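# Coordinates in review
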Amino acid sequence: MTEVTIRRALLSVSDKAGLVELGQALAARGVELVSTGGTAKALRDAGLVVKDISELTGFPEMMDGRVKTLHPKVHGGLLAVRDNPEHAAAMAEHQIGAIDLVVVNLYPFEATVAKGADRDEIIENIDIGGPSMVRSAAKNHAYVTIVTDPADYPGLLAELEETGGATRYDFRRLMAARAYAATASYDAMISQWFAFADQGETFPETLAVMGRRAAELRYGENPHQRAALYLPKGPHGRGIAQARQIQGKELSYNNYNDADAALELAAEFRGQDPAVVIVKHANPCGVAQGASLLDAWQGALQCDDVSAFGGIVAVNTTLDGPTAEAICQIFTEVVVAPDADEAAIAAFAKKKNLRLLLTGDLPDPRRGGLMVKPITGGLLVQSRDNGAIGRDDLKVVTQRAPTEQELKDCLFAWTVARHVKSNAIVYAKDGITAGIGAGQMNRRDSSRIAAMKAAEAAEKFGWAQSRAVGSAVASDAFFPFADGLLAAAEAGATAVIQPGGSIRDEEVIAAADAAGLAMVFTGIRHFRH
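Residues numbered from 1 in each chain as written. Predicted model: local features only at pLDDT ≥ 70, side-chain atom pairs only at ≥ 80, totals over all residues. Heavy atoms only, no water.

## Details of the packing of helix 1 (residues 19–28) against helix 9 (residues 153–163)
- One can describe the packing of helix 1 onto helix 9 by two numbers: an axis separation of 11 Å at closest approach and a directional angle of 10°. Here helix 1 is positioned roughly parallel relative to helix 9, judged by the angle of their axes. In this structure, helix 1 contributes Leu 19, Leu 22, Ala 25 and Leu 26 to the contact, and helix 9 contributes Tyr 153, Leu 156, Leu 157 and Leu 160.
- Classifying every residue of the contact of helix 1 with helix 9 by side-chain character gives eight nonpolar, no polar and no charged. (Axes fitted to C-alpha atoms, helices over the stretch in contact; angles between N-to-C directions. Helix = DSSP H or I, 4+ residues; strand = E, 2+ residues; numbered from the N terminus. Parallel < 35°, antiparallel > 145°, perpendicular 65-115°, else oblique. Contact = heavy atoms within 4.5 Å. Nonpolar A, V, L, I, M, F, W, Y, C, P; charged D, E, K, R; others polar.)

As structure tokens, then:
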């Protein structure tokens with residue numbers, strides 16, 4: 001059967017958006033409206049004739065509305081195969097009328113959890129009858145149309161207009177697919193709440209992962225790959241995916257990935273002095289704090305202005321006009337900020353392809369959550385790296401303790417290093433990165449690359465010496481040998497911060513003492529693969 005004329009519709013919705021208009025359009029086509037509770041009241045208040053579900057079933061709604069649609073006269077009307085003689089005979093014998101259209105959206109479980117309701121209220125907002133009707137109607141989409149989202153009401157009405165009051169098979173099949181996606185995500189939200197919030201599990205036996213597609217992207221990491229952006233269902237924070245794009249062309253997969261890396265690092269400095277982060281290929285290539293955002297920009301850019309070309313910039317405070325004008329002097333793909341003033345927006349308007357993203361806030365860098373990575377045949381799941389250290393957590397292991405300034409530089413370098421791909425080495429001085437070595441197969445090479453970048457910057461900008469001289473150096477994991485540390489000492493670093501824990505710690509400490517370095521252990525590492 002291709003077209004099914006809509007003669008009877010069952011409407012039972014939690015979200016009343018567009019309900020009255022839909023009911024009026026259906027009634028104008030002579031469709032009988034059957035409804036429940038608050039939905040029926042809303043339709044009647046609009047002057048529409050509505051049959052209560054109790055009239056259809058012969059049973060009253062009971063148990064505070066828990067039992068109203070779980071009845072053979074509802075599900076028989078939904079599940080009957082219309083051209084099956086046995087089904088038709090059963091309908092006739094038991095006086096079951098066909099239901100051609102079901103419009104259902106479910107109890108607001110997500111909103112109830114989000115508002116901080118108590119457990120009893122949350123449990124009460126687990127819908128039972130709604131998902132049952134949705135699944136019945138969707139299974140029998142050869143004969144029944146199911147609509148679960150008010151956003152699909154216009155499409156339904158357009159379908160009825162084009163066919164003269166019927167729906168076609170392709171439309172019903174599409175709505176059925178969306179309906180099962182709706183119940184799947186609804187059940188996933190509930191299972192996640194039970195596992196994480198109610199039971200306190202970190203890794204439940206079954207992990208339900210769900211999201212709603214927000215956009216298809218131009219392509220993935222490479223042009224031959226496809227990509228899309230999905231937004232999580234259920235309680236979640238705000239980030240790059242929810243940022244407001246003020247201007248610029250469509251974001252790519254790589255733009256999202258790099259902008260997220262930049263925002264995560266900028267968030268480390270929320271509530272602190274102005275900070276600027278420049279990222280290229282998900283790695284920081286320059287980070288600085290300053291008395292002003294413009295000072296921070298200049299410091300971050302001078303760390304590695306070659307890599308900054310075509311990069312991503314994130315800041316920790318409202319973006320101002322002078323900083324925006326300075327950013328516009330080089331090619332920049334994306335700028336991320338909590339907010340931007342009118343002068344900044346006007347400056348960027350001259351660069352039509354530059355994307356400006358406003359997040360409204362910075363994410364909590366210490367938030368919890370899970371990270372999921374696909375591998376061949378499975379998923380790797382881990383908790384977020386939200387570990388943090390402060391001054392009191394540091395253990396001085398050398399003969400010389402760091403000075404106050406060295407200690408500040410150590411902590412700054414450590415903050416940046418946790419966001420650099422392993423093996424990570426970061427030189428920092430006076431709240432500015434002097435050199436960053438990322439993603440090398442050994443720590444010595446990362447040390448040398450970072451020192452080389454610092455030396456190149458000094459030569460380019462005409463400084464008397466490299467900023468690595470007198471700097472602190474951070475290593476995301478322990479030095480397995482003294483060579484990486486000695487490379488840092490050769491570059492002029494005077495203080496080192498690292499996790500410790502190598503079987504050669506004593507050898508590394510002795511090398512630091514011999515070079516006159518101050519070194520502290522954190523007791524925590526930050527691999528980033």
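## Thoughts on the packing of aromatic side chains
- Scanning the entire structure with this criterion turns up six aromatic pairs.
- Consider the rings of Phe 109 and Trp 193, whose centres lie 6.2 Å apart with planes at 85°: the pair is edge-to-face. With a gap of 84 residues between them, Phe 109 in helix 6 (residues 109–114) and Trp 193 in helix 10 (residues 169–198) connect regions that are remote in the sequence. Take Phe 109 and Trp 193: they sit in the same class, and that class is buried.
- Measuring from ring centre to ring centre gives 5.0 Å for Trp 193 and Phe 194, while their planes differ by 70°; the resulting arrangement is edge-to-face.
- With relative accessibility at 10%, the residue Trp 193 sits in the buried group.
- Three or more aromatic residues link up through ring pairs in this structure, and these residues are Phe 109, Tyr 186, Trp 193 and Phe 194. (Phe/Tyr/Trp six-rings, centres within 6.5 Å; stacked < 30°, edge-to-face > 60°. Buried < 20%, exposed > 50% of the residue type's maximum accessible area, 1.4 Å probe, protein only.)

## As for the packing of helix 1 against helix 2 (residues 37–45)
- Two elements in contact, helix 1 and helix 2, have axes whose closest approach is 10 Å; the angle formed by their N-to-C orientations is 65°. Compared by their axis directions, helix 1 and helix 2 come out roughly perpendicular. Every pair of crossing elements has a handedness; the one defined by helix 1 and helix 2 is right-handed. Between helix 1 and helix 2, the contacting residues are Leu 19, Val 20 and Gly 23 on the first element and Thr 39, Ala 42 and Leu 43 on the second.
- A per-class count over the contact of helix 1 with helix 2 returns four nonpolar, two polar and no charged. (Left-handed = near helix turned anticlockwise from the far one by under 90°.)

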